[in-house]
Amino acid sequence: MKKNSLRFLQTHTNMASVISELAPDLFGEKYIDKGERMLYSLFIEAVEQVPIAISITDKKAKILYVNEEFSRVTGYQPADILGENESILSDKRTPREVYYDLWRTISSKKIWRGTLCNRHKSGEPYLSDLTIAPMLNESGAITHYIGMHRDITKTYESEKKVVNQKLLIESVINSSPIAMVVLDDQDRVILDNHNYKALVSDLDKGEPATYFLQLLREEMGDLWAQLQSKEQGFNHREFRVESKGNQRVRWFSCAGNWFVEKEVNADAFFENVSKHYLILTLTDITRQRRQMEELHIQTLKTMMAEDERVRGIRETLLGAMHQIQMPMNQIRAAEQILRHRKDDQHAGLLQILQQIQQSGEEAVVTMQKCIPEILQTAVIPINLNQILHEVLLLTNQRIWSNDIEVQWQPLAELPAILGSENRLRILFKQLIDNAIEAICESNGSEKRLKITTDTDAELIYVGIEDSGLGIPVEKRAKVFEPFYTTRPMGGNQAGMGLVMAKEIVNQHQGFIEIDPDCEQGCRFKISFPLRRQVPKGIE
Ligand code: FAD
């Protein structure tokens, strides 16, 4: 075999090597001794039967040899094609630059690999995955070319279909008005759409998926793992998202669906390895929420107006009862003195005093009965940010018309407390109304209302601070006493607002005080325990 005058490039393929060894059959038998003839026949058989289309050409691509697979792929029998140029296979759709590249490569003694558009003898086009290797003689000159090709039309079609499907899915996902993201079982983002990408910068929460997954897991607890194991989805999980230092509150509705994908790695070929993925969709429902909120605020306004009316009546009656009490006490004292004297001289007066006292007591009882009840509300988990936000909306009109600057600084993720929504709303409305009043009375250049929420391991804090005149130190304890007011009495100004505020805070096992460190204006500090038990008195 070493006597063979043909030699290939160092980079030649095994098949080219086989063909080279078969060269004596193709180019004369003068070098072949008898002992090697059997081996050559074997090689020829192998090349004939190998399942890849092989052709050998001269330097100008004139076909000298084709194997059986070549005939099967192209439709040409050796008799049809031997002596023809390989260009007979061209569908004439392959760009000329491809042929220039092909010839430039093979004429510089290199192997060329590429895809050409060929035409079957029947006229049917097909895609040819072609490798051409030059064959060199002993002096290194090209003598022949060997071409090996496969029909890859079907593979190409399926690859293209997959790519097209992927592009279609991507364009559908991208055109969706909903933010979508696909996460693997390590919560890593595998695929996302434009709307999701926009959230990354809009929300200021790092990776939005991580943020929402945490909220979902916290809210759903064990249910999360149950749904995941059964590949059951979830939807309509709504979350309020507050950006730090930003007044804009957004609402998102989350839905998710798990799906399983078979692994495509080589090491998973013989094993049925699969991976769980989650498609998470995040719908911005802020607009709908705002509309609902507006409706809610209208309802609240009506409720609060009714509540204020009731409180007005309560306070007026309580005030009247309080005022009656003083003369009643005096009459009772006078009556007791007269009774102790036991003389007949004042019997008439004693009787009159007793009658006055009796009718006074009856009047008090009647008034007591007339005091309207404040409506009870259910005890539920409450987000104080939400309540304060609502109260701010309720007082919006007054805040705007008085040109007050509101500094609303809620803690983004405030834990819920158990309590009565209605009562807490009354509490904060009272404190904010007082603050607005104080700001308006002060005539100062600064008109500022600052509301903050915060938490630590045990308590939730609310701060309501105004830039008004403040409350002098000596009066700070008194403002929580009944019927004490720094303003003229009348209507709602009966000095019962802070008494009621304190009562509501107490019912929630909280604490209210005027911040002694507040130097300008007044700052009410309210704290509520984080305990998850129903507060006493509001069951
Ligand atoms: P051509 O005029 O044949 O060639 C176009 C350009 O290629 C020319 O302008 C020239 O720059 C260059 N060129 C052509 N022949 C040579 C040459 N002998 N030396 C240097 N440069 C040259 N083509 C297919 O379409 N399908 C195939 O399956 C295919 N298989 C081939 C297998 C082998 C082993 C070889 C060597 C070539 C193969 N070709 C194949 C290429 C084919 O020979 C043609 O070059 C091509 O089909 C373009 O033909 P054409 O008539 O359009 O242009």
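Residues numbered from 1 in each chain as written. Predicted model: local features only at pLDDT ≥ 70, side-chain atom pairs only at ≥ 80, totals over all residues. Heavy atoms only, no water.

1. Description of the side chain of Ser527
And step 1. Within the secondary structure layout, Ser527 lies in strand β18 (residues 522–529).
And step 2. By relative accessible area, Ser527 is classed as buried at 12%.
And step 3. Residue contacts for Ser527: discarding those within four places in its chain leaves Leu459, Ile460, Tyr461, Gly510 and Phe511. (Helix = DSSP H or I, 4+ residues; strand = E, 2+ residues; numbered from the N terminus. Buried < 20%, exposed > 50% of the residue type's maximum accessible area, 1.4 Å probe, protein only. Contact = heavy atoms within 4.5 Å.)

2. Some thoughts on the pattern of salt bridges
And step 1. Inspection of the entire model under this criterion finds 28 salt bridges.
And step 2. Here the salt bridges share partners, and the residues they tie into one network are Glu446, Arg448, Glu465, Asp515 and Arg523. (Salt bridge = Lys/Arg side-chain N within 4 Å of Asp/Glu carboxyl O.)

3. Re the packing of helix α11 (residues 286–341) against helix α13 (residues 384–394)
And step 1. Where α11 meets α13, the closest approach of the two axes is 10 Å, and the angle between their N-to-C directions is 75°. With respect to α13, the axis of α11 lies roughly perpendicular. Contacts between α11 and α13 involve Glu293, His296, Ile297, Leu300, Lys301 and Met304 from the former and Gln386, His389, Glu390, Leu393 and Leu394 from the latter.
And step 2. Of the residues belonging to the contact of α11 with α13, the class tally is 5 nonpolar, 3 polar and 3 charged. (Axes fitted to C-alpha atoms, helices over the stretch in contact; angles between N-to-C directions. Parallel < 35°, antiparallel > 145°, perpendicular 65-115°, else oblique. Nonpolar A, V, L, I, M, F, W, Y, C, P; charged D, E, K, R; others polar.)

4. With respect to the packing of aromatic side chains
And step 1. What the rule picks out here adds up to 8 aromatic pairs.
And step 2. Considering the side-chain rings of Phe480 and Phe524, the 6.3 Å spacing of their centres and the 85° angle between planes classify their relative orientation as edge-to-face. Note that Phe480 is positioned in the loop between β16 (459–466) and α16 (497–507) and Phe524 in strand β18, a separation of 44 residues in sequence. For the pair Phe480 and Phe524, one class covers both residues: buried. (Phe/Tyr/Trp six-rings, centres within 6.5 Å; stacked < 30°, edge-to-face > 60°.)

5. With respect to the nonpolar core
And step 1. Formed by 43 residues in total, the largest nonpolar core has its most connected members in Leu384, Phe428, Leu449, Phe524 and Ile526.
And step 2. Secondary structure elements with two or more residues in this core: α11, α13, α15 (421–442), β15 (448–455), β16, α16, β17 (511–514) and β18.
And step 3. The element best represented in this core is α15, accounting for 9 residues.
And step 4. When we break this core down by domain, the ones giving at least three residues each are domain 3 (288–374) and domain 4 (375–539).
And step 5. Within the second largest apolar cluster, 24 residues are counted, among which are Val181, Trp258, Leu278 and Leu282. (Core = buried A, V, L, I, M, F, W, Y, C linked by side-chain atoms within 4.5 Å. Domains from an automatic or database assignment.)

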